[in-house]
Every structure is written in C-alpha cells, then in structure tokens.
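As a plain string of letters, each chain reads:
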Amino acid sequence: MEMIWNGMTDGLKLLIDGDPLVLDAAWRSIWVSVTAVFIASILGISIGTYLARHKFRGRRAVVIFFRGSMGVPTVLIGLIGYALLSRNGMLGDLDLLFTSWGIVFGECLLAIPIIVSLTHGSISNMDYRISETAMLLRVSRWRRWMTYLNECRLAVTLAVLTAFARCFTELGIAVMVGGNLKMKTRTLSTSTALETAKGDFSRAVAMSFILLAIAIFVTIVIGLLNREDKD
C-alpha cells in the first residue's frame, strides 16, 4: 500500500510540474487517436451506410467480416500493420514504420470495423418509412445519406466514441508499429508499461491518471448520450 500511495502522490507532482515525458506521451496519444478515429469515421460511416442501404452478392459475408474484426486482438492488428509497413511490405515505400503516422494507420485498422459494424446496425434498424419517404420525394443520394445519419446520429456518435476509447487505450499496435521510441512514438499506454518495467512507478502512475481521466470522460459522454436517446 505504501508503494501505491507514494506512487500516486509522486505521480500527481509529476503532472503538476509538467513532466516532459508524461506530457509528450499524453499529447501523442490524443492526436494520434483523434486523427485515426477521424479518418476511420469518414471511411467507416460511409461503408456502414452503404452496407445497410444496398443489396449485393456477398454483402452478408462483408458484414460478418467487419463484425468479426471487432474482436481481433490489437497485437494481431499490430502484426498486420508491421507486415504492411515494413520495408518488404505492400506499403513499405511510405516509410511509416516506427513513426506516429504508422500508429495512426494501425489504429485506423482497429477503429474502422467498430464504426462500420455499429453504423450498419443502427441504420439497418432505422424505421423503413424514412427511406421510403426519401425515395418517394426523389431526393438526391447525398440528401438521403445525410437523412439516415441525422436519424441515427446518437448511435453513430456512440460508435465513434467507442472507437476512440479503444484506440486511446490500446497497447499492441503502438508497440509493434510505433516501436515505443522515446519522444517520438511513445503513447500513454506504451510508456506506462515501459516505466513500470523500469521500476519508475511514479511516472507510470502519472500516465495512468491521464488514461483514467480520458476513459472516465468518454464513459460519461456515452452515458449522457444513451440517456438522451432513451428520453
């Protein structure tokens, strides 16, 4: 208990003093996760909407693929990302391996299935009269798409927040694709694991405080949105 108490008090001091390693990892975790989820949202919402409103051969298999991908371990996604971004990989010419943008790429692979699956589910369960009315009024495809998203805005927002929470706290992708390089690719999750292994418990606790604060914030927002949806 003494080690935990000392770690918490020293960790708070590091946060108050603005420890460079802590702030660097925190800033990188935020911008990497936000960027990855932003890109994944554009792709995921578009794909999810298309799968929900269009019928084609193999659609069910595609939906099952995205749903199954939601449960893939992050270390496996990190392995796939490493293989794609390595020098001999398909995307090796981009030179993204062991960079922050490489982590963004890996987290996009993590976030897209979540957003696609949850968006597809919400739009598929939407009142069929909405789409029928849009068809009768002969509105453009863009207007129809915006109507669908407006009707399912809470569910889509929850999908994006869920993807952000998963990306912000993940460890496997950041280690395998980013390399955990000091002041270059370290995130809060990788730095926490590293500092704990080094025996620097105070710095690990300081980083854990930030992770916990973000996680609580996202959870509160999701809870408020769910409450609004029920009301």
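For the structure, check the block above.
Keep in mind that what you see is a predicted model, and the values were worked out from it rather than measured.

(A) Here's a closer look at the layout of surface pockets. Volume-wise, the second largest pocket comes out at about 210 Å³. The wall of the second largest pocket is formed by Phe-65, Phe-66, Ser-69, Val-72, Leu-76, Ile-77, Ile-80, Leu-109, Ile-112 and Pro-113. Put simply, the parts of the chain that give the lining of the second largest pocket at least two residues each are α3 (59-69), α4 (74-85) and α5 (100-124).

(B) The side chain of Ser-33, seen in detail. Structurally, the position occupied by Ser-33 is in helix α2 (residues 20-53). The residues contacting Ser-33, other than those within four sequence positions of it, are Glu-107, Phe-164, Cys-167 and Phe-168.

(C) Spatial organisation of the environment of Val-221. Within the fold, Val-221 resides in helix α11 (residues 201-230). Overall, Val-221 belongs to the partly exposed group, its relative accessible area being 22%. Between the C-alpha atoms of Val-221 and Leu-161, which are 60 residues apart in sequence, the distance is 8.5 Å.

(D) Structural context of the packing of α4 against α5. α5 packs onto α4 with a crossing angle of 130 degrees between their chain directions and a minimal axis gap of 9 Å. With respect to their mutual orientation, α4 and α5 come out oblique. Viewed along their axes, α4 and α5 form a crossing whose handedness is right-handed. Only Gly-102, Phe-105, Gly-106, Leu-109 and Leu-110 of α5 make contact with α4, whose side of the interface consists of Thr-74, Ile-77, Gly-81, Leu-84 and Leu-85. Class assignment of the residues belonging to the contact of α4 with α5 gives a composition of 6 nonpolar, 4 polar and no charged.

(E) Region of the structure containing the nonpolar core. Of all hydrophobic cores here, the largest spans 41 residues; its most connected members are Ile-123 and Leu-188. Contributing elements (two or more residues each) for this core: α2, α3, α4, α5, α7 (141-151), α8 (153-169), α9 (172-178) and α11. Grouped together as the second largest cluster of nonpolar side chains are 6 residues, Val-32, Ala-36, Val-104 and Cys-108 included.

(F) Broad picture of empty space enclosed by the protein. A complete count under the given rule lists 2 cavities of 30 Å³ or more for this structure. Leu-21, Asp-24, Ala-25, Met-183, Arg-186, Ser-191, Glu-195 and Met-207 together form the lining of the largest cavity. Elements represented by at least two residues in the lining of the largest cavity include exactly α2 and α10 (188-198). Counting residues per element, the lining of the largest cavity draws most heavily on α2, which supplies 3 residues. In terms of residue class, the lining of the largest cavity is built from 4 nonpolar, 1 polar and 3 charged. Quantified by volume, the second largest cavity comes out at close to 30 Å³. Contributing to the lining of the second largest cavity are Ser-29, Ser-33, Glu-107, Cys-167, Phe-168, Glu-170, Ala-174 and Thr-187. Listed by contribution, the elements that provide at least two residues to the lining of the second largest cavity are α2 and α8. Residue composition of the lining of the second largest cavity, grouped by class: 3 nonpolar, 3 polar and 2 charged.

(G) Broad picture of α7. Taken residue by residue, α7 has Arg-144, Tyr-148 and Leu-149 as its buried positions. Seen along its axis, α7 keeps its buried residues to an arc of 135 degrees; they face one direction. Facing away from the buried side of α7, by more than 90 degrees, are the exposed residues Trp-142 and Arg-143.

(H) Structural context of the packing of aromatic side chains. Scanning the entire structure with this criterion turns up 5 aromatic pairs. Ring geometry for Tyr-82 against Phe-98: centres 6.3 Å apart, planes inclined by 50 degrees, an arrangement best described as tilted. One end of the pair, Tyr-82, is in helix α4; the other, Phe-98, is in the loop between α4 and α5, and 16 residues separate them in sequence. Between Phe-164 and Phe-168, the ring centres sit 5.6 Å apart and the planes meet at 25 degrees, which makes this aromatic pair stacked.

(I) Up close: the pattern of salt bridges. For the structure shown, the criterion picks out 4 salt bridges. A salt bridge links Arg-203 to Asp-19; the nearest nitrogen and oxygen atoms lie 2.9 Å apart. With Arg-203 in helix α11 and Asp-19 in the loop between α1 (2-17) and α2, this residue pair connects regions lying 184 residues apart in the sequence. The exposure classification of Arg-203 matches that of Asp-19, with both residues buried. Its salt-bridge partner being Arg-28, residue Asp-24 comes within 2.7 Å of it at the nearest N-O pair. One end of the pair is Asp-24 and the other is Arg-28, both in helix α2 and 4 residues apart, which spans about a single turn. Note on Arg-28: relative accessible area 7%, which makes it buried.

Cut-offs applied
- Residues numbered from 1 in each chain as written.
- Predicted model: local features only at pLDDT ≥ 70, side-chain atom pairs only at ≥ 80, totals over all residues.
- Heavy atoms only, no water.
- 1 Å grid on protein atoms, 1.4 Å probe; cavity = no way out; pocket = protein on both sides within 12 Å on 5 of 7 lines; lining within 4 Å.
- Points joined across faces, edges and corners; volume = space filled by probe spheres on them.
- Helix = DSSP H or I, 4+ residues; strand = E, 2+ residues; numbered from the N terminus.
- Contact = heavy atoms within 4.5 Å.
- Buried < 20%, exposed > 50% of the residue type's maximum accessible area, 1.4 Å probe, protein only.
- Axes fitted to C-alpha atoms, helices over the stretch in contact; angles between N-to-C directions.
- Parallel < 35°, antiparallel > 145°, perpendicular 65-115°, else oblique.
- Left-handed = near helix turned anticlockwise from the far one by under 90°.
- Nonpolar A, V, L, I, M, F, W, Y, C, P; charged D, E, K, R; others polar.
- Core = buried A, V, L, I, M, F, W, Y, C linked by side-chain atoms within 4.5 Å.
- Arc of directions from axis to C-beta.
- Phe/Tyr/Trp six-rings, centres within 6.5 Å; stacked < 30°, edge-to-face > 60°.
- Salt bridge = Lys/Arg side-chain N within 4 Å of Asp/Glu carboxyl O.

So, to be careful, I would describe these as geometric facts and stop short of saying anything about function.
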